[in-house]
Amino acid sequence: MARWCYRHRLVVLLLWVGALFGLGFSASSAGTNYANVFSLPDTDSKSAYDLMEKAFPNTSGDTDTVVWKVDQGSAKDPAVQSRIQPALDRIAKMPGVGAVTSPYAGAQGAAQVSGDGKIAYAQLTFAKPANEVPKELVQDVLDTAQGAERGGLEVELGGQAIQRVQEPPQGLSEMVGIIAAAAVLFLAFGSFFAMLLPIAIAIFGVGMGLFSTQLLSHTTDIPDIAPLLASLIGLGVGIDYALFIVTRHRRGIQKGLDPEEAAVTALNTSGRAVLFAGGTVCIALAGMLVTRLRFLDGVVVGTSLTVVLSVLAATTLLPALLGLLGPRVLSRRQRRRLAAEGPETESTSNLSARWSMNVQKRPRRIAVLALAVMAVLALPVLSLRLGATDQGNDDSSSTTRKAYDLLAEGFGPGFNGPLQVVTDAGDTTALVKGIQGTDGVAKVVPLPPAQGVTVIQVVPTTSPQSKETDDLIDTLRDDVIRQADVTAHVGGVTAVSKDFATVTGERLPLFIATIIGLGFLLLLVAFRSLVVPLTAALMNLIAAAASFGVLVAIFQWGWGLELLGLGKEGPINAFLPVIMLSLLFGLSMDYQVFLVSRMHEEWVHTRDNARAVRVGLAETSRVINSAALIMVCVFMAFVLSGDSGAAMAGVGLAAAVALDAFILRTALVPAAMHLLGNSNWWLPEWLEKRLPHLAVEPKEDGETGEGNAPAADGPASAVHGFVRSPDGDAVEGAAVTVLSKGGRQLDRVTTLADGSYIVSVPGPGAYLLAVTSAAHGSRARHVMVADGPLVYDVELAEDEVDAVN
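Residues numbered from 1 in each chain as written. Predicted model: local features only at pLDDT ≥ 70, side-chain atom pairs only at ≥ 80, totals over all residues. Heavy atoms only, no water.

**Things to note about the nonpolar core**
The biggest cluster of nonpolar side chains holds 155 residues, and the ones touching the most others in it are Met288, Phe555 and Phe635. Core analysis: the next-biggest nonpolar cluster, separate from the first, contains 30 residues, Met94, Val113, Leu142 and Ile162 among them. (Core = buried A, V, L, I, M, F, W, Y, C linked by side-chain atoms within 4.5 Å. Buried < 20%, exposed > 50% of the residue type's maximum accessible area, 1.4 Å probe, protein only.)

**Regarding the pairing of strand β8 (residues 454-460)**
Counting buried residues along β8, six of its seven residues qualify, which places the element largely inside the surrounding structure. Two elements, strand β6 (residues 419-423) and β8, share five bridges in a ladder whose sense is antiparallel. Bridging across to β8, Leu419 finds its partner in Val458. Bridge analysis of strand β7 (residues 441-446) against β8 gives five bridges, and the strand direction is antiparallel. Paired with Val445 across the bridge in β8 is Gln457. (Helix = DSSP H or I, 4+ residues; strand = E, 2+ residues; numbered from the N terminus. Pairing = 2+ DSSP bridges.)

**Here we look at the environment of Ile225**
On the secondary structure map, Ile225 appears in the loop between α8 (192-216) and α9 (226-254). Separated by 77 residues in the primary sequence, Ile225 and Gly302 place their C-alpha atoms 9.8 Å from one another.

**Details of the pattern of salt bridges**
Applying the stated criterion to the full structure yields 14 salt bridges. In this structure, Glu409 engages Lys69 in a salt bridge whose closest nitrogen and oxygen atoms are separated by 3.0 Å. Residue Glu409 is located in helix α15 (residues 399-411), and its partner Lys69 is located in strand β1 (residues 63-70); the two are separated by 340 residues in the primary sequence. In this structure, the salt-bridge partner of Glu685 is Lys689, at a minimum N-O distance of 3.8 Å. Taken as a pair, Glu685 and Lys689 lie in helix α24 (residues 685-690) at a separation of four residues, close to a single helical turn. The exposure classification of Glu685 matches that of Lys689, with both residues exposed. Each of Arg3, Arg7, Glu260 and Glu261 takes part in salt bridges that share partners, so that together they form one network. (Salt bridge = Lys/Arg side-chain N within 4 Å of Asp/Glu carboxyl O.)

**Observations regarding the sheet that holds β8**
Read across the open sheet, the four strands follow the order β7-β8-β6-β9; overall the sheet is antiparallel. Strand pairing shows two members of the sheet lacking a second neighbour, β7 and β9 (488-491), which therefore form its edges. Each adjacent strand pair in this sheet contributes to an overall mean axis angle of 20°, direction not counted. In the packing of helix α3 (residues 44-55) onto the sheet, the strands contacted are β6, β8 and β9, and the crossing angle to β9 comes to about 100°. Packing of helix α17 (residues 467-484) onto the sheet brings it into contact with β6, β7, β8 and β9, and relative to β9 it is tilted by some 175°. (Axes fitted to C-alpha atoms, helices over the stretch in contact; angles between N-to-C directions. Contact = heavy atoms within 4.5 Å.)

**Comments concerning the side chain of Thr280**
Here Thr280 lies in helix α10 (residues 259-286). Thr280 gets classed as buried once you look at its relative accessible area, which sits at 2%. The residues touching Thr280, leaving out its near neighbours within four places in the chain, are Leu522, Phe585, Gly586, Met589 and Asp590.

**Notes on the pairing of β6**
Burial analysis of β6 places five of its five residues in the buried class, the great majority of the element. Neither face of β6 is open: one carries Leu419, Val421 and Thr423, the other Gln420 and Val422, and all of them are buried. Bridge analysis of β6 against β9 gives four bridges, and the strand direction is antiparallel. Bridge pairing links Val421 to Val490 in β9.

**Let's talk about the confidence of the model for the chain**
Confidence in the prediction of the chain, expressed as mean pLDDT, is 84, and 92% of residues score 70 or more. Between the elements of the chain, mean pLDDT differs from a low of 46, seen in strand β19 (residues 801-802), to a high of 95, seen in helix α14 (residues 363-378). Here residues 700-713 scores under 50 on pLDDT; set against residues more than four positions off or in separate chains, the count is 33 contacts. Considering only residues more than four positions removed or in separate chains, one finds that residues 800-805, a stretch of pLDDT under 50, has 16 contacts. (pLDDT = per-residue confidence, 0-100.)

**Considerations on the side chain of Ser74**
Relative to the elements of secondary structure, Ser74 occurs in the loop between β1 and α4 (78-92). Among the polar contacts listed, one links the side chain of Ser74 to the backbone nitrogen of Lys76, at a separation of 3.0 Å. If we ignore the near neighbours within four places in the chain, the residues touching Ser74 are Val80 and Gly117. (Polar contact = N/O pair within 3.5 Å; in protein donor to acceptor, adjacent residues only side chain to side chain.)

**As for the sheet that holds strand β2 (residues 97-101)**
Overall, antiparallel pairing links the four strands, which are arranged β2-β3-β1-β4 in an open sheet. Two strands lie at the open edges of the sheet, namely β2 and β4 (153-158), each paired on one side alone. For this sheet the average axis-to-axis angle between neighbouring strands, irrespective of direction, equals 20°. In the sheet, β1 pairs with β4 via six bridges, with the strands oriented antiparallel. Within β4, the residue paired with Lys69 across the bridge is Glu154. Where α4 meets the sheet, it contacts β1, β2, β3 (119-126) and β4, and its direction lies at approximately 160° from that of β2.

**Details of the packing of α8 against helix α11 (residues 294-325)**
Look at α8 against α11: their axes get within 8 Å of each other, and the N-to-C directions meet at 145°. Along this stretch, α8 crosses α11, giving a crossing that reads as right-handed. (Left-handed = near helix turned anticlockwise from the far one by under 90°.)

**A closer look at a nonpolar patch on the surface**
Together, Phe186, Phe192, Phe193 and Leu196 line one region of the surface with nonpolar side chains, adding up to about 370 Å² of accessible area. Broken down by element, the nonpolar patch gets its largest block of residues, three residues, from α8. As for its position among the elements, Phe192 is in helix α8. (Patch = residues over 30% accessible without salt bridge, like charges linked within 9 Å, V, L, I, M, F, W, Y side chains within 5 Å. Areas by Shrake-Rupley, 256 points an atom, 1.4 Å probe, with all protein chains shown as cover.)

Rendered as structure tokens:
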């Protein structure tokens with residue numbers, strides 16, 4: 001497939017461009033129809049909602065609030081009324097505004113003025129839900145209302161429709177994330193064209209994913225946060241997957257491969273790993289379905305579709321783009337070096353190699369230190385409280401936050417989240433009396449019955465997000481309603497949020513067990529070990545606990561919120577643990593597969609655990625850290641999205657990825673594997689026979705040359721002989737290295753006192769044997785290993801350098 005895409009690159013590129021523009025045109029023509037469906041079957045708030053829908057079927061429009069405060073006098077003063085009422089009248093006449101309820105409309109409006117007369121509010125109802133109200137209309141309402149301001153008169157607006165117009169321009173967070181990722185890629189590659197490749201793949205994958213999600217919103221319920229989360233995860237995985245493939249492709253060219261062969265090899269190795277990694281992310285996302293929360297179904301659809309399209313772009317569009325670039329995927333300096341010095345053998349950065357050696361020498365100390373850091377960061381998770389954010393968590397400079405605070409100041413904190421006690425049981429006198437006598441209730445207003453349903457508005461004394469309000473809901477349900485001997489239900493946005501958090505908390509253990517179990521099975525089959533998947537499961541739980549600890553410290557305790565410009569502290573969004581754990585599981589599986597697959601490959605060849613862990617870490621840590629840094633940049637950019645849920649998810653995922661890559665995969669995992677030794681790769685014989693065989697990456701040595709049998713096609717073998725000088729003297733201490741045709745080191749030894757050496761190879765095939773001595777020269781030769789061990793003597797002349805490609 002890679003070869004076909006490489007050779008038909010223009011066709012592939014035109015197909016992708018056509019698909020992107022076609023989907024974009026269709027999506028823009030159809031518009032959006034996102035719906036936040038918090039359907040919670042068998043909950044009290046759902047029963048209340050059903051009764052209210054029966055009584056008031058035409059209340060689908062969004063209700064927003066205009067609030068004003070005077071410094072001196074009263075909000076009822078004629079001078080204030082002469083400025084506010086004309087603005088309200090102009091708003092009421094705007095097409096798309098259903099009704100405006102003014103505090104100046106006789107005795108009925110008196111309740112809309114605070115006790116001290118300083119603050120008043122008007123309610124305006126749009127004809128459509130908030131997500132369908134045109135932004136131009138909302139902006140006109142905002143400008144008209146705030147145009148009535150003067151010295152000593154402050155006017156603010158609150159509500160979902162108002163919140164939409166104060167969000168930053170759509171795509172700002174994505175653009176900032178892409179620019180930050182581009183900077184990291186340029187530093188990693190040193191080539192402008194190579195930098196553009198992962199960015200292009202991410203744009204195509206995310207673009208098509210978002211357009212497809214937008215079209216699907218007309219056929220199924222997809223929440224408005226789904227596209228934000230889809231672009232968040234799509235940008236991260238799209239750039240990372242392309243980074244892995246482009247890195248392997250560039251390495252192939254630097255080793256002397258033709259660009260087409262380098263692309264085919266890259267896709268046939270790293271491309272397979274990308275398919276596996278993308279599959280694990282989708283499986284993790286699908287794990288959200290076990291919670292049976294309808295709100296998350298649309299999130300699963302949007303994010304999974306974007307990941308699938310990102311993987312498809314990386315495995316089809318990327319080889320086409322590599323074909324268009326050819327050798328220009330390397331920087332000019334790298335191309336000049338390649339032309340002057342010839343192909344390179346694979347090398348590892350000195351920093352990565354030194355760190356890998358340090359982990360091998362001090363595994364216990366590094367493991368304890370890494371565990372201590374993660375434990376400290378995880379401590380705040382013990383006070384985790386799930387709930388829902390509202391406009392009280394907006395930035396203090398926003399008009400919605402100011403309106404929220406003014407209403408709380410004038411009418412009490414609970415005014416921003418009233419409860420509705422709904423009943424169709426007839427006489428409610430005893431119920432109203434019981435509610436009025438309940439601690440924590442500020443105001444009770446029974447509304448006239450409609451369709452046999454009575455709604456009692458209950459204003460708590462505490463804010464919607466406080467624990468006291470949650471306790472009040474429990475008291476009303478368990479004590480007050482039961483004592484009144486009526487059938488009634490407690491509803492309203494605050495009660496729905498509480499029920500959502502409760503249901504999520506109850507189903508979270510099943511969800512965690514599902515995704516951890518799936519990950520265990522995948523890694524068990526891929527690496528044929530019981531200890532590796534157990535270690536990975538434990539690491540995932542540690543990473544999750546530490547990342548949620550960071551979230552609690554920032555968003556629940558308020559540490560650094562003002563610095564980040566993220567508003568006021570509050571509970572953690574109830575849906576966030578499920579979404580974050582899904583994404584964290586998928587992303588950490590990517591890094592685990594990339595790290596351990598290289599270790600496993602070395603283990604299969606050498607059966608030396610210390611060497612396998614050391615080499616695997618040294619050769620993959622740089623790419624893993626680069627990929628993680630890109631992810632962190634992309635996720636942190638979503639702080640600019642203007643959506644508190646997306647900002648919370650961005651910060652949480654950035655913390656999770658950073659901790660996972662920089663502490664777990666770079667320090668704790670390899671240190672633990674050194675301590676566990678050969679037991680890392682233990683698998684009972686009976687299980688080995690029953691497990692299916694799944695190769696994440698094919699053996700790089702499987703390439704064939706002219707007349708050569710495929711390498712590693714038979715049982716393990718060896719090359720042995722003597723290293724001597726031209727005079728026939730034994731050369732002691734010479735380094736003998738055997739490499740695969742792809743340039744990967746398979747074994748390395750030093751000669752004994754008699755000049756003898758023996759190196760192991762995985763099987764018959766062609767290899768490169770390199771011999772280096774400080775006192776003599778260097779010599780490299782291709783050797784062919786047949787069915788048995790090969791005897792090969794090497795002669796070194798003083799100061800001789802004989803490099804063979």
